[in-house]
Amino acid sequence: KTTVSTFSPKQKAINYWVHKIQLEHFGEEMAHLLEGNPLPQHSQIRKLDPIIENNNNFLPIIRVGGRLGRSDLTKNEMHPIILPKCKLTKSMFEYLHKLFLHPSIDWLHFHVRKKYWVIRSRQIIRSVVHQCFECSKYNARLGKQQMATTLFELPVNTLSDIFYYINRWRESGL
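Only a predicted model underlies this, so the values are computations on that prediction, with no experimental measurement involved.

(A) Quick peek at a nonpolar patch on the surface. A contiguous nonpolar patch, built from Y95, L99, F100 and W107 and spanning about 420 Å² of accessible area, is present on the exposed surface. Structurally, W107 is set in helix α5 (residues 105-112). Judged by its relative accessible area of 35%, W107 falls in the partly exposed class.

This is the structure:
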């Protein structure tokens, strides 16, 4: 009996890379979850009450657990995929930052959280936005124009020059 996969090739590729990253960074946690054992005390995802999703024996993926089972949210919003802070997640944020035309930190964080729960995501997004040349150019502080000095703050030799030209102008009759 053969089973037909309901995943698109794009979704299979995403699941593969998510699984690979999770296995690299959360390998111990994944082993505990697959065995049904509690997570160790030192685990950085322990507070997220993680669950493991096994998509028809494709590749197990760790998701955020919780008490939102009866809510009207989508599966990804109820149980987002947990991702670590790594180069691939930073590349994902850089891509999304450019794709959505350089949004703010909060906007990008809100929209990514609908599908992924990234460890230290605000820190990663903040670094992506601050390293973005176009954003730094757009958000640059305006230069402040220095006020001209008043007539009484000019040096003495400059004042005598000014009075010389004022007197010549008066004498010319213009």
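(B) Quick look at the packing of α5 against helix α6 (residues 121-131). Interaxial distance between α5 and α6 falls to 10 Å at its minimum, and their mutual angle equals 135°. Classified by the angle between their axes, α5 and α6 sit oblique to one another. Considering how the two elements wind past one another, α5 and α6 form a crossing that is right-handed. For the pair formed by α5 and α6, the contact residues are I105, D106, L108 and H109 on the first element and S121, R122, I125, R126 and V129 on the second. For the contact of α5 with α6, a count of residues per class yields four nonpolar, two polar and three charged.

(C) Molecular detail of the confidence of the model for the protein. Summarising the model, the protein shows a mean pLDDT of 84, and 86% of its residues fall at 70 or more. Mean pLDDT values for the elements of the protein range from 70 in helix α8 (residues 156-172) up to 95 in α6.

(D) Broad picture of the packing of aromatic side chains. Applying the stated criterion to the full structure yields two aromatic pairs. Seen in terms of ring centroids, Y16 and W17 are 5.2 Å apart; in terms of plane orientation they differ by 80°. Their pairing is edge-to-face. Each ring, one from F100 and one from W107, has its centre 5.2 Å from the other, and the planes form 70°; the classification is edge-to-face. Between R113 and the ring centre of W117, over which it is positioned, the NZ or CZ distance is 3.7 Å.

(E) Geometry of the side chain of S121. Tracing the chain through its elements places S121 in helix α6. Look past the residues within four positions of S121 in its chain and what remains in contact with it is F93, H109 and R113.

(F) Main features of the nonpolar core. Core analysis: the largest hydrophobic core is formed by 18 residues, its most contacted members being L83, M92, F93, V112, Y116 and V118. It is α6 that provides the largest number of residues to this core, a total of four residues. With residues up to four places along the chain from it excluded, the contact list for Y116 reads I14, V18, P80, I81, L83 and M92. If you look at the next biggest cluster of nonpolar residues, it comprises 10 residues, including F26, M30, L39 and L48.

(G) Representation of the pattern of salt bridges within the structure. Summed over the entire model, instances satisfying the criterion amount to three salt bridges. Residue R63 pairs with E53 through a salt bridge whose shortest N-O separation is 2.8 Å. With R63 in strand β2 (residues 60-63) and E53 in strand β1 (residues 51-54), the pair connects residues that are 10 residues apart, well separated along the chain. For the pair R63 and E53, one class covers both residues: buried.

Cut-offs used in this document
- Residues numbered from 1 in each chain as written.
- Predicted model: local features only at pLDDT ≥ 70, side-chain atom pairs only at ≥ 80, totals over all residues.
- Heavy atoms only, no water.
- Patch = residues over 30% accessible without salt bridge, like charges linked within 9 Å, V, L, I, M, F, W, Y side chains within 5 Å.
- Areas by Shrake-Rupley, 256 points an atom, 1.4 Å probe, with all protein chains shown as cover.
- Salt bridge = Lys/Arg side-chain N within 4 Å of Asp/Glu carboxyl O.
- Helix = DSSP H or I, 4+ residues; strand = E, 2+ residues; numbered from the N terminus.
- Buried < 20%, exposed > 50% of the residue type's maximum accessible area, 1.4 Å probe, protein only.
- Axes fitted to C-alpha atoms, helices over the stretch in contact; angles between N-to-C directions.
- Parallel < 35°, antiparallel > 145°, perpendicular 65-115°, else oblique.
- Left-handed = near helix turned anticlockwise from the far one by under 90°.
- Contact = heavy atoms within 4.5 Å.
- Nonpolar A, V, L, I, M, F, W, Y, C, P; charged D, E, K, R; others polar.
- pLDDT = per-residue confidence, 0-100.
- Phe/Tyr/Trp six-rings, centres within 6.5 Å; stacked < 30°, edge-to-face > 60°.
- Lys NZ or Arg CZ within 6 Å of the ring centre and 35° of its normal.
- Core = buried A, V, L, I, M, F, W, Y, C linked by side-chain atoms within 4.5 Å.

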